[in-house]
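# Architecture and fold: a report
In case you want the letters, here they are:
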Amino acid sequence: MAQVHLKDVVKRYGALDVVHSINLSISEGEFVVLVGPSGCGKSTTLRMVAGLEAISDGEVRIGDRVVNDLPPRERNLAMVFQNYALYPHMTVRENLGFSLKIAKRSQREIDAAVNEAAEILALTPLMDRKPGALSGGQRQRVAMGRAIVRQPDVFLFDEPLSNLDAKLRTQMRVEIKKLHQKVGSTVIYVTHDQIEAMTLADRIVIMRDGHIVQVGTPLEVFERPLNTFVATFIGSPPMNLLSGVIQDGAVVLADGTTIPTPPDLRVAEGRKVSLGIRADNIMPEGHSLPPSAHMAQVEMPVLLTEPLGTETLLFTQLAGTEVQAKMLNPRPVRPGEVLRFGIALDKCHLFDAETGASLRS
Amino acid sequence: MTRAKLPPWLVLLLPAIVIILAVVMVPLLLSLYSSFTPYHLTRPETLWKWIGTFNYVKAATDPNFWRAFGRTVLLLTIALNLEMLLGLGLALMVSKVTQGQRLLRTAMMFPMMFSPILVGFQFKFIFNDNVGLVNNALQSLGLTERAIPWLVDGNLALFAIIMAEVWTSTSVFAILILAGLFALPQDPLEAAKVDGCTPWQSFRYVTLPFLMPFIYIAMAIRSLDVARAYDIVQVMTNGGPARRTELLWTLIGRTGYVDARMGYANAMGYIAILLSIAFTVYFFRKLQSARRELGMAD
Ligand SMILES: Nc1ncnc2c1ncn2[C@@H]1O[C@H](COP(=O)(O)OP(=O)(O)OP(=O)(O)O)[C@@H](O)[C@H]1O
Ligand SMILES: [Mg+2]
């Protein structure tokens, strides 16, 4: 177990900076998830921590050691790779025990550690197979087992679940969470799946184009996104954004629709803004938005519905922009039907139309 | 009138069958047959005299034959292992080069582009005891006083022949191993680094098992090559001095064409081919098991 500190860390390929001066402090035993769109530098950051990628500038500390110039083997961490990277010529048992064998542990110790990991991950019946004879999910578990066996200071995961089907992914997500509660090691976990990030993380680090955009607990980044990028990236379906201008304490949309500004926000007259509303905060009347003092009503035509069982997603339109709303206790809705929607204003967000920065500060 | 009609597949295959019969089967059967006769090139009538396994028994009890046999195996073992080690080293170095790698790869092939006969002459000159480069170099560096009789002493001559073989054919190993290195998956190597491997351990436990199939393919190819070694030896020492570098095929060639005892030569040839087959089978077994190791074949 150890803390991990990144100080002004830069990764440069030739003249191209792909990670720009990142600062991040991870405390002991914390589960931190790096999330962001493809190509934003998550893997690169993780690989710099692992020592698989040279650090162009700045400093990475694990525990109280600066590890910039240490090879991976001296950093005492374990990594689970996106495509598992198992040793194809070794059996599951040999894969699991390899790091201990390299560390010259006694055969008894190795057997004990390997059997325990196999037990946890339900790999016992597969121990004498080669990776080639395993399914994707089984390989993934072997990769996890290989990491557990080492009892490292820090676990690194690079999109370990992205090759699994949806059901297995949910299952493994729970396993990973349990595992973390059990061993309590520091974890840095990379994913581009915001649901994985929300469900696993103690803290989420949202990255974009090699910058850290926001760091916070899952609830913080969900409820207080710092800008429109985070607002639309975190949460499913993505937050609706409506452009408008502030007039008389209300947002006036392109077609003249007026929606009062969220109650705790004071914004200068005439400022161009984006109004952010999550689908959970805009619902047809009679379909259970909790009663609140700050409600606004709009009428919108329903263009398309997506029934999900307990709720239905409604695709509607307001001032020429597509808006997704949720309907709890759903009833059948005809396309084209116009419904009255209630908006919970106290849950809405305002962003600067140009910079995208949140106006909540 | 009815004519027996051949089935179409036979008609279509007929040209190929005729050619294979004429070019491969007939000479093969003829040579096999002649190994059971005292066939002498200058006395054609001897081809019709059947003497059973006499030639085989004679070869099997001829110490010269077994010495040549043993020497061939020795040459094969030393040359193949040397070539493997050097080729591996060469491939590893070339794979690390980032600039001008194409050029290096091409240069690596140069020795293969020369006729073995020319290589033989070249090395004969290099190891010549009076005017050879090696002796000149050794003497001017003051390492030896007297000229070393490279091609006269039996062991030294074998050494010189091995040098020539290694020089021409190390690139076979290097090229095949390099191909293996290019196909080497990077992820397990990175996993090994994180798992605590030193560069040597990564090589030993990850890279090498992956390269083994490539090494065995090169071994199989080269074992056939060396087992029929003739040209370089013929040029450099002619199997001499006093048969001390005699290999299987120089012995067979001499028996067949110089002594004109073709029946006996053919008998020895068939025994020699068994050697080649044995090596090929051995290396293919190894190849299979190495591939199975990697989960590539079943
Ligand atoms: N060797 C390289 N040379 C130049 N640019 C590179 C190199 N490796 C990666 N990059 C660039 O660095 C950026 C970050 O890559 P990285 O692999 O960290 O992305 P990522 O966030 O992990 O994306 P993904 O979710 O697709 O895995 C990308 O834009 C990529 O093109
Ligand atoms: Mg990545």
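Residues numbered from 1 in each chain as written. Chains lettered and ligands numbered in written order. Predicted model: local features only at pLDDT ≥ 70, side-chain atom pairs only at ≥ 80, totals over all residues. Heavy atoms only, no water.

Looking only at helices and strands, one finds eight helices and 20 strands in chain A. Across its three principal axes, chain A shows a C-alpha extent of roughly 75 × 45 × 35 Å. Counting only carbon and sulfur atoms, one obtains 49% of the accessible surface of chain A, whose full area is about 16,100 Å². Charged side chains in chain A number 39 positive and 41 negative. The centres of these two groups are separated by 6 Å. (Helix = DSSP H or I, 4+ residues; strand = E, 2+ residues; numbered from the N terminus. Areas by Shrake-Rupley, 256 points an atom, 1.4 Å probe, with all protein chains shown as cover. Lys, Arg positive; Asp, Glu negative; His and termini not counted. Charge placed at Lys NZ, Arg CZ, Asp CG, Glu CD.)

All names here are of chain A. Pairing in this open sheet of five strands is antiparallel, and the strands run β15-β19-β16-β17-β18 from one edge to the other. The open sheet has two free edges, formed respectively by β15 (282-284) and β18 (321-328), since each of these has just one partner strand. The sheet shows a mean angle of 50 degrees between the axes of neighbouring strands, direction not considered. Strand direction decides the pairing type here: strand β17 (residues 311-318) and β18, joined by eight bridges, are antiparallel. Across the sheet, residue T312 finds its bridge partner in β18, namely M327. (Pairing = 2+ DSSP bridges. Axes fitted to C-alpha atoms, helices over the stretch in contact; angles between N-to-C directions.)

Residue and element names in this part refer to chain B. For I117, the position within the fold is in helix α5 (residues 116-126). Exposure remark for I117: the relative accessible area of 37% places this residue in the partly exposed category. In sequence terms I117 and I232 are 115 residues apart; their C-alpha atoms lie 5.7 Å from each other. Sequence-distant contacts of I117, that is, excluding residues within four places in its chain, are made with D231 and V235. (Buried < 20%, exposed > 50% of the residue type's maximum accessible area, 1.4 Å probe, protein only. Contact = heavy atoms within 4.5 Å.)

Our next topic: the domain arrangement of chain A. Residues and elements named next belong to chain A. Domain boundaries in chain A define domain 1 (4-227) and domain 2 (237-352). Contacts between the two partners involve four residues from domain 1, matched on the other side by four residues from domain 2. Interface area for domain 1 against domain 2, summed over the two sides, is near 350 Å², with a carbon-plus-sulfur share of 62%. Interface area lost by domain 1 to domain 2 is led by F222, P225 and N227, which between them contribute 81%. Taken together, the links from domain 1 to domain 2 amount to zero salt bridges. Split by residue class, the side of domain 1 that touches domain 2 holds two nonpolar, one polar and one charged. (Domains from an automatic or database assignment. Buried area = accessible area lost by both parts, 1.4 Å probe. Salt bridge = Lys/Arg side-chain N within 4 Å of Asp/Glu carboxyl O. Nonpolar A, V, L, I, M, F, W, Y, C, P; charged D, E, K, R; others polar.)

For side chains of opposite charge, pairing can occur when their charged atoms come near one another. With the rule as written, the count across this model stands at 23 salt bridges over all chains. Note that K326 of chain A is salt-bridged to E311 of chain A, the shortest N-O span being 3.5 Å. Pair noted here: K326 of chain A is in strand β18 and E311 of chain A is in strand β17, with a separation of 15 residues, a long-range link. It is possible to trace a salt-bridge network through shared partners that takes in E83, E165, R222 and D225 of chain B.

To continue, consider the layout of surface pockets. Empty space within the largest pocket amounts to approximately 520 Å³. Lining the largest pocket we find 19 residues, and of these K96, L184, Q186, L189 and T207 of chain B sit closest to its centre. Along the lines of polarity and charge, the residues of the lining of the largest pocket split into 10 nonpolar, five polar and four charged. Approximately 320 Å³ is the volume attributed to the second largest pocket. Along its surface, the second largest pocket is lined by 16 residues, and M90, E94, F98 and K101 of chain A together with Y205 of chain B are the ones closest to its centre. (1 Å grid on protein atoms, 1.4 Å probe; cavity = no way out; pocket = protein on both sides within 12 Å on 5 of 7 lines; lining within 4 Å. Points joined across faces, edges and corners; volume = space filled by probe spheres on them.)

The next point concerns the interface of chain B and chain A. Bring the parts together and some accessible area is lost; that lost area is often taken as the interface size. The partner chain A presents 23 residues to the 20 residues of chain B that form the contact. Both faces considered, chain B and chain A share a buried interface measuring about 1,900 Å² in area, 60% of it formed by carbon and sulfur atoms. The tally of links between chain B and chain A comes to one salt bridge. Across the pair E190 of chain B and R47 of chain A runs a salt bridge, and its minimum N-O distance is 2.7 Å. Run the count over chain B and chain A and you get seven residue pairs in polar contact (both at pLDDT 80 or more). The set of elements that each furnish at least two residues to the side of chain B that touches chain A consists of α8 (186-194), α9 (199-227) and α12 (262-293) of chain B. (Polar contact = N/O pair within 3.5 Å; in protein donor to acceptor, adjacent residues only side chain to side chain.)

Quick look at helix α7 (residues 154-183) of chain B now. Residue and element names in this part refer to chain B. The first and last C-alpha atoms of α7 sit 43 Å apart over 30 residues, in line with the 44 Å expected at 1.5 Å per residue. Of all the bends found along α7, the most pronounced is centred on T168 and spans about 40 degrees. If you check the start of α7, you find a side-chain oxygen 3.0 Å away from the backbone N of N155, and it comes from D153. (Expected span 1.5 Å × (residues − 1). Bend = angle between axes of the 7 residues up to and from the residue.)

A word on the pairing of strand β16 (residues 295-307) of chain A. Sheet faces and side chains relate simply in a regular strand, where the side chains alternate between the two faces. Residues and elements named next belong to chain A. One ladder, built from seven bridges, connects β16 with strand β19 (residues 338-344); its direction is antiparallel. By the bridge assignment for β19, A296 is matched with I343. In sequence, β16 turns back onto β17 through a hairpin of three residues, with G309 there showing a positive phi of about 105 degrees.

A separate point is the site of ligand 1. All names here are of chain A. In the vicinity of ligand 1, the contacting residues are Y13, V18, S38, G39, C40, G41, K42, S43, T44 and E159. Between K42 and ligand 1, the recorded distance is 2.8 Å, taken from a side-chain N or O atom to an oxygen atom. Against a free-state accessible area of 640 Å², the protein chains account for coverage of 58% of ligand 1. Element by element, the count of residues in the shell around ligand 1 is highest for helix α1 (residues 42-50), at three residues. In terms of residue class, the shell around ligand 1 is made up of three nonpolar, five polar and two charged. (Near = heavy atom within 4 Å.)

Two quantities define a packed helix pair, namely the angle between the helix axes and the distance between the axes. All names here are of chain B. At a closest axis distance of 9 Å, the pairing of helix α3 (residues 63-96) and helix α4 (residues 101-113) adopts a crossing angle of 160 degrees. The angle between α3 and α4 falls in the class roughly antiparallel. The handedness of the crossing between α3 and α4 is right-handed. Here L90, V94 and S95 of α3 lie close against α4, whose contacting residues are Q101, R105 and M108. Residues that form the contact of α3 with α4 fall into these classes: three nonpolar, two polar and one charged. (Parallel < 35°, antiparallel > 145°, perpendicular 65-115°, else oblique. Left-handed = near helix turned anticlockwise from the far one by under 90°.)

In total, this model carries three cavities of 30 Å³ or more according to the counting rule given. Lining the largest cavity are A78, M79, F81, R146, A147 and R150 of chain A together with A191, V194 and D195 of chain B. Contributing elements (two or more residues each) for the lining of the largest cavity: β6 (77-80) and α4 (136-149) of chain A together with α8 of chain B.

Turning our eyes to something else, we now look at the nonpolar core. For soluble globular proteins, the rule of thumb is that nonpolar side chains tend to be buried together. Counting residues in hydrophobic clusters, the biggest one holds 108 residues, and the most contacted among them are L156 and I188 of chain A together with M236 of chain B. In terms of residue count, α12 of chain B provides more of this core than any other element does, 13 residues in total. The contacts of L156 of chain A, once residues within four sequence positions are left out, are L46, V49, A50, L77, A78, M79, V80 and I188 of chain A. (Core = buried A, V, L, I, M, F, W, Y, C linked by side-chain atoms within 4.5 Å.)

Residues of chain A with pLDDT of at least 70 account for 98%, and the chain-wide mean is 90. The element-level mean pLDDT for chain A is lowest in helix α5 (residues 166-183) of chain A, coming to 86, with strand β3 (residues 31-35) of chain A highest at 95. (pLDDT = per-residue confidence, 0-100.)

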